[in-house]
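# Reading the structure
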Amino acid sequence: MKDIHYRLPQHRALVTELPGPASTALTARRRAAVAAGVGSSVPVYTADADGGVIVDVDGNSLVDLGSGIAVTSVGASDPAVVEAVREQVGHFTHTCFMVTPYEGYVRVAEELAALTPGDHEKRTVLFNSGAEAVENAVKVARLATGRDAIVAFDHAYHGRTNLTMALTAKSMPYKAHFGPFAPEVYRLPMSYPYRDADGLSGEQAAQRAIDQMEKQIGADSLAAIIIEPIQGEGGFIVPADGFLPTLATWAREHGVVFIADEVQTGFCRTGSWFASDHEGIVPDIITMAKGMAGGMPLSAITGRADLLDKVHPGGLGGTYGGNPVACAAALAAIDTMREYDLPARARRIEGLVLPRLRALADEVGVIGDIRGRGAMLAMEFVQPGTDKPDPELTKAIAAGALTQGVIVLTCGTYGNVIRLLPPLVIGDELLDDALTVIEETVRSLVREKSLV
Ligand SMILES: *Cc1c(COP(=O)(O)O)cnc(C)c1O
């Protein structure tokens, strides 16, 4: 693995309490100007970011284990991305690919055809956000099949637009009072090894869903199955082995489009280019966004040419989709992923982190499950001796780690999962330091709450 050079010192260093006075002042201004409906997990304002650190407006250096929700896999100011963006903005920021097209868009499409699973003929369309990619994957599936119904799963997260809210499982905060939702969306049980009945295999969990598709929907009414190969916001749920291949095979046999939503899992995050690779799944359409463009807003659908080319010219697109600056950033970010072998780096992070989390789980008795792949790892917190979720403890751990300068995010249907999503370029020492903070935070909260 090639050595990574950083612009900012890669250390944790606090010069004020968190949040510091400058962040607190910004929070006051924000309250008067920004709508309350936009939340922030961390009440600390960013001044600079590089590698595994975020420097705040008070001069504190924090360890970033969130990557802006799995986006800055190559770091938040990867030199190659920065240079490519500078170069592109000096020429043109926008022309609209639907008006006067440009090569960057075509090159991104070529890269995605090469990187995504399967060696079949593929086509790509670029958009701005993950939700927009998901919406368009569904549009293509419906047009190509002439069918209406879409299957999504328990704990799924696919976005916040109207159709993607319907696909997303969790009511609060994503859906509550924002309806009515798009019709013809059916929700089926996911494979969730920690909470499924003991011994339920991946194949059996898939069969449970297949029975419902056949009995309640009818395969010939079903346009697509959409699934995250590892669920993100829903709790980093890794389905049992065999679940995804069984569903994908059934979909193929019944002319149902299998859409892998790899918006969070894609681009090296799970230790391979795509999470579908782990079980040899070849999705008909794959949706991508977060890690793809080094922090610039870009998303994509890549899928079977025969499906995508069914759509009439003008049926897909958008003013900003595949913006040239975002495309330049994506091409540079993909080069960085190759140059530094970031899939290998994600596997190395797993090797460093998983044993520590497992040891912690054995020690404290409030961690029901440790799971994930690559640099997408999670702990599910429960009340001692039960599998009852403990969202309060989970929140307290994230808040406690933050006071020590470590940013961690929570997730999960029950709000009881701490998820680790470090930039893949984070150094071993910094990661080690952040893990020590997390371990000590968990230990001290467990002691304080007399949970042992
Ligand atoms: C974040 C996410 C989305 C939505 O992406 P946005 O860019 O926030 O619209 C969709 N699917 C998955 C799996 C995600 O993690």
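Residues numbered from 1 in each chain as written. Predicted model: local features only at pLDDT ≥ 70, side-chain atom pairs only at ≥ 80, totals over all residues. Heavy atoms only, no water.

## A few points about the domain arrangement of the protein chain
Short version of the rule: For the domains described, the bounds stem from an automatic or database domain assignment. The contact criterion used throughout is that any non-hydrogen atoms of two residues lie within 4.5 Å. Once two parts are joined, some of their accessible surface, as seen by a 1.4 Å probe, is lost; buried area is that loss totalled over both. When a carboxyl oxygen of Asp or Glu is within 4 Å of a side-chain nitrogen of Lys or Arg, the pair counts as a salt bridge. Polar contact is the term for a pair of N or O atoms within 3.5 Å; when the atoms are in protein, one must be able to donate a hydrogen and the other to accept it, and sequence-neighboring residues count only if both atoms are side-chain atoms. Secondary structure counts use DSSP, requiring at least four H or I residues in a row for a helix and at least two E residues in a row for a strand, with both numbered from the N terminus. Classification convention: Asp, Glu, Lys, Arg as charged; Ala, Val, Leu, Ile, Met, Phe, Trp, Tyr, Cys, Pro as nonpolar; all other residues, Gly among them, as polar.
Domain parsing of the protein chain yields domain 1 (21-64 + 342-448) and domain 2 (82-339). On a C-alpha basis, the centres of domain 1 and domain 2 stand 26 Å from each other. With 32 residues of domain 1 in contact, the opposing surface of domain 2 contributes 27 residues. Carbon and sulfur atoms supply 57% of the area that domain 1 and domain 2 bury against each other, a total of about 2300 Å² over both sides. Considering only the side of domain 1, the residues that lose the most area to domain 2 are Arg-373, Met-376 and Thr-413, jointly responsible for 32% of the buried surface there. Across the domain 1-domain 2 interface, the total number found is two salt bridges. Between the two partners, domain 1 and domain 2, sit 15 residue pairs in polar contact (both at pLDDT 80 or more). When contributions to the side of domain 1 that touches domain 2 are tallied by element, the ones reaching two or more residues are α11 (342-364), β11 (367-373), β12 (376-381) and β15 (417-420). With five residues, β11 is the single largest residue contributor to the side of domain 1 that touches domain 2. Grouping the constituent residues of the side of domain 1 that touches domain 2 by class yields 17 nonpolar, eight polar and seven charged.

## What to know about the pattern of salt bridges
Put simply, the test is: Here's how the labels work: a residue is buried when its accessible area is under 20% of the maximum for its type, exposed when over 50%, partly exposed in between, all with a 1.4 Å probe on protein chains only.
According to the stated counting rule, one finds 19 salt bridges in the structure shown. Asp-48 is the partner of Arg-7 in a salt bridge, and the nearest nitrogen-oxygen pair spans 3.0 Å. With Arg-7 in the segment before α1 (21-33) and Asp-48 in strand β1 (residues 46-50), this pair connects stretches of sequence that are 41 residues apart. Residue classification places Arg-7 among the partly exposed positions, given a relative accessible area of 49%. In this structure, the salt-bridge partner of Arg-356 is Glu-439, at a minimum N-O distance of 2.7 Å. Of this pair, Arg-356 sits in helix α11 while Glu-439 sits in helix α13 (residues 428-448), and the two are 83 residues apart along the sequence. Here the salt bridges do not stand alone but share partners, grouping Arg-195, Asp-369, Arg-371 and Glu-380 into one network.

## Considering the environment of Glu-121
Residue position: Glu-121 is located in the loop between α4 (103-115) and β4 (122-127). The spacing of Glu-121 and Gly-303 is 182 residues in sequence and 8.3 Å in space, taken between C-alpha atoms. Not counting the four nearest positions on each side in its chain, Glu-121 is found in contact with Gly-303, Arg-304 and Ala-305. At 3.0 Å, the side chain of Glu-121 forms a polar contact with the side chain of Arg-123.

## Focus on the sheet that holds strand β8 (residues 257-261)
This is how it is decided: Strand pairing is assigned whenever DSSP detects at least two bridges linking the two strands. Structural elements are reduced to axes, namely lines fitted to C-alpha atoms, with helices fitted over the stretch in contact, and the angle between N-to-C directions of any two is expressed from 0 to 180 degrees.
As summarised here, the arrangement of the seven strands in space is β4-β10-β9-β8-β7-β5-β6, forming an open sheet in which the pairing is mixed. The strands lining the two open edges of the sheet, one partner per strand, are β4 and β6 (185-188). With direction set aside, neighbouring strand axes in the sheet form an average angle of 20°. Where strand β5 (residues 149-153) and strand β7 (residues 222-227) come together, three bridges link them in parallel fashion. Following the sheet pairing, Ala-149 is matched in β7 by Leu-222. Each of β4, β9 (285-288) and β10 (299-304) touches α4; the most contacted strand, β4, lies at about 130° to it.

## Thoughts on the packing of aromatic side chains
Any two aromatic rings considered together are summarised by their centre-to-centre distance and by the angle between their planes. Cut-off, in case you're wondering: Between rings of Phe, Tyr and Trp, where Trp is taken as its six-membered ring, a pair exists when centres lie within 6.5 Å; planes separated by under 30 degrees are stacked, by over 60 edge-to-face, and by other angles tilted.
Summed over all chains, the structure comprises seven aromatic pairs. Relative to Tyr-102, the ring of Phe-97 lies with its centre 5.5 Å away and its plane at 80°, an arrangement referred to as edge-to-face. Given a relative accessible area of 9%, Tyr-102 falls into the buried group. What links up through ring pairs into an aromatic cluster is the set Phe-92, Phe-97, Tyr-102 and Tyr-105.

## Re the nonpolar core
Selection rule: To form a nonpolar core, buried Ala, Val, Leu, Ile, Met, Phe, Trp, Tyr and Cys residues must be joined to one another through side-chain atoms within 4.5 Å.
By size, the foremost hydrophobic cluster in this structure holds 100 residues, and its most contacted members are Leu-65 and Phe-267. Examining the composition of this core, we find that 11 residues originate from one element, helix α10 (residues 324-339), more than from any other. Two domains each provide a minimum of three residues to this core, namely domain 1 (21-64 + 342-448) and domain 2 (82-339). Not counting chain neighbours up to four residues away, the residues in contact with Phe-267 comprise Ser-73, Leu-112, Leu-115, Trp-273, Phe-274, Met-288, Gly-291, Met-292, Ile-334, Met-337 and Leu-424. Core analysis: the next-biggest nonpolar cluster, separate from the first, contains 24 residues, Ala-205, Ile-225, Leu-247 and Phe-258 among them.

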